[in-house]
Every structure is written in C-alpha cells, then in structure tokens.
Amino acid sequence: MSKRIIPVLAAVFAALFLSAAPAPAATASDKDAITAYANCPLERIGTQLVRCDNLTGAGVAAPFWIPEQT
C-alpha cells in the first residue's frame, strides 16, 4: 500500500508547492485615472470615438453630437 501512496504524495507536493503563484496586478488610483484624461476631450474622427489620439469606441459608431476632431 505504501508503494501506491508515494506517487500520489509526489504529485500532490508538486501541484501545491511547485506551481507558479499568480502575479499581483498593478493598480492605478482613481486620482491617476481622472488626471490622465483631463486635457483630452472626447472627440470623433469620422464615426470613431477618439480621446488623446486613442480609439476608444471599440468600433461602435460615434454619435453625431460628439464634436469632430480638427
């Protein structure tokens, strides 16, 4: 019976102690998020939403009332 337990214990040990732990996620505070877009108004180019030269609309057509970037 002990010959059956050794491989099981080895597998459990490897699964518990040799697996990679998840890396901590880097988080930004709300203050950083607010100041990041303070000088970049939401605009559109054609039908695409743009903020700070980044497309933000995920391909959804921008409404007509968003000002067009010049």
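Details of the structure are given in the entry above.
Engineer: For this particular structure, what's the right way to read the pairing of strand β2 (residues 48-51)?
Structural biologist: On a regular strand, one side chain projects to one face of the sheet and the next to the other, so that they alternate. Both strand β1 (residues 43-45) and β2 contribute to a ladder of three bridges, which runs antiparallel. Pairing of glutamate 43 across the sheet is with valine 50, part of β2. Connecting the antiparallel pair β1 and β2 is a turn made up of two residues, with glycine 46 showing a positive phi of about 65 degrees. The turn joining β2 and strand β3 (residues 54-55), which pair antiparallel and follow one another in sequence, is formed by two residues; a positive phi near 55 degrees is taken by cysteine 52.

Engineer: I would appreciate a short explanation of the environment of proline 67 in the present structure.
Structural biologist: In this fold, proline 67 is placed in the segment after β3. Separated by 18 residues in the primary sequence, proline 67 and leucine 49 place their C-alpha atoms 9.8 Å from one another.

Cut-offs used in this document
- Sequence order as written defines residue numbering, which begins from 1 separately in each chain.
- Only residues with pLDDT of 70 or above have their local features reported here, since the model is predicted, and side-chain atom pairs are shown and tallied only from 80 upward, although totals for entire chains, interfaces and linings are computed over all residues.
- Think of the side-chain values as coming from all heavy atoms in the structure, minus any hydrogens and water.
- Pairs of strands are assigned from DSSP output, requiring at least two bridges between the strands.
- Counting from the N terminus, the helices are the DSSP runs of H or I reaching at least four residues and the strands are the DSSP runs of E reaching at least two.

All quantities given are derived from atomic positions and should not be read as evidence of function.
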